[in-house]
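Understanding the architecture of this molecule
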Amino acid sequence: VSDAVRLAQTGDQDAFERLYRENAGRVYALCLRLSGDARDATDLTQDVFVHLWEKLPTFRGESAFSSWLHRLAVNVVLSGRRSEFRRERVVVATDDPDAVIGARHSNPKPGLAMDLEKAIAALPPGARAVFVLHDIEGYEHQEIAELTGIATGTSKAHLFRARRLLREALER
Amino acid sequence: MNCERVQDLLYRYAAGTLAPELKREIDEHMAGCDACRAEAERVKPVLVGAARLPRNIEPPADLWPSISGQIGRRKLVEGRFAPAVARPWWTRPPILAAAAMALVVLSSTVTTLVVRRPPGSPAVTVQTAALSGDFLTLEAQYVRASDEILGALNQGEVKIAPETRAILERNLRVIDQAIVESRDALARDPANLELKDMLLSTYEHKLDLLRRVTST
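Structure report, in brief. Owing to the predicted nature of the structure, the values given are computational and were not obtained by experimental measurement.

A separate point is the packing of aromatic side chains. Scanning the entire structure with this criterion turns up seven aromatic pairs over all chains. Centroid distance A:Phe16 to A:Trp53: 5.1 Å. Interplanar angle 70 degrees. Geometry classified as edge-to-face. Taken together, the residues A:Phe16 in helix 2 (residues 13–35) and A:Trp53 in helix 3 (residues 38–55) connect sequence positions 37 residues apart. Just as A:Phe16 is buried, A:Trp53 falls in that class too. Between A:Tyr20 and A:Phe49 the ring centres are 5.0 Å apart and the planes differ by 75 degrees, which places this aromatic pair in the edge-to-face class. Residue A:Tyr20 is located in helix 2, and its partner A:Phe49 is located in helix 3; the two are separated by 29 residues in the primary sequence. Grouping aromatic residues by their ring pairs yields a cluster made of A:Phe16, A:Tyr20, A:Phe49, A:Trp53 and B:Trp64.

Enumeration according to the criterion identifies 19 salt bridges over all chains in this entry. Its salt-bridge partner being A:Arg163, residue A:Asp135 comes within 2.8 Å of it at the nearest N-O pair. Of this pair, A:Asp135 sits in helix 8 (residues 125–136) while A:Arg163 sits in helix 10 (residues 152–171), and the two are 28 residues apart along the sequence. Overlapping salt bridges, with partners in common, bring together A:Glu17, A:Arg21 and B:Asp62 in one network.

An α-helical turn contains 3.6 residues, so any two residues separated by three or four positions project in the same direction. All names here are of chain A. For helix 2, which comprises 23 residues, the first-to-last C-alpha distance of 28 Å sits more than 12% below the rise-based estimate of 33 Å (1.5 Å per residue). Along helix 2, the helix axis deviates most sharply at Asn23, where the bend reaches about 55 degrees. The N-cap residue of helix 2 is Asp12: its side-chain oxygen and the backbone nitrogen of Asp14 are 2.9 Å apart. Positive backbone phi, at 75 degrees, marks Gly36, one or two positions downstream of helix 2.

Cut-offs used in this document
Residues numbered from 1 in each chain as written. Chains lettered and ligands numbered in written order. Predicted model: local features only at pLDDT ≥ 70, side-chain atom pairs only at ≥ 80, totals over all residues. Heavy atoms only, no water. Phe/Tyr/Trp six-rings, centres within 6.5 Å; stacked < 30°, edge-to-face > 60°. Helix = DSSP H or I, 4+ residues; strand = E, 2+ residues; numbered from the N terminus. Buried < 20%, exposed > 50% of the residue type's maximum accessible area, 1.4 Å probe, protein only. Salt bridge = Lys/Arg side-chain N within 4 Å of Asp/Glu carboxyl O. Expected span 1.5 Å × (residues − 1). Bend = angle between axes of the 7 residues up to and from the residue. Polar contact = N/O pair within 3.5 Å; in protein donor to acceptor, adjacent residues only side chain to side chain.

This is the structure:
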């Protein structure tokens, strides 16, 4: 357990800010891809760090802090606490991916990566979540099933569909 | 290594992050498995692209002042935080309402999936019209189309190699299990358009697999 983690566990906000600075980019990228919306990702990132502050005393160092935080972030996003925000934006993301992607990166990258980001944002929510967790973040289907409450077979069906939709989107 | 495991590991294979032994096992499997090799080729651009996406994206603004303000108002709590929900967020009512809206838009688009006719089997056309209003008809069309190809296979009208058939059967078991689970979920929540869409997508997947196997 690093010094910053140990100090933050005791309530040291300066140490906690260091943890934020070190991990904000990783958490925001995850929130952005899972939610498909830049504004939602900003809210979710804040939620993740507020939850981290509350839960940090329970971290015992059995796993790497970064892995533990990552899992916590996935739980926060999947918990649907901000489903009211997503309600409209899912439709927007589906209908107009350009509008979504335009707001999501201050420094957009051209070419395939940008096309892929846009296509991911335009996926149906379930397919997007499984694709991001499996093919970007490296979770196994069994882990995704545990995190989301769906069956592993359903997770595989979502993934197959997501890959097909993305392939078609990239070919257009 | 079986097809299912190969498919699970494709993203790491494409990203080049597999242990050498695993990579060798997949290479050996693909050398003798047309279906897996073809699938790997199809999804390669997606998986290679996914592997190259940046893992860090800085938030558009510094969120620390807001976070600091929020945690400053809260006590440090020793207790555990609320557990992850049992139900995924995309199946919750507000998200389903959004999905329903999206599907209403989609349902105005009429597309036709023409199934390539495998040698010796009947031509099949599935009309994917009015998705939200004609689910049962569409489901019946997919089931019939798949059954016709399976029937042609079982009656020997279309011949495939025994190894290919074994692989096909393993894949179909996974797909059929997903169909059963989706249908069970739909039975409990018949108005769920996201589930209907996912179920139709799974039928499409099954039909596509059968079509590809019998047309080679």
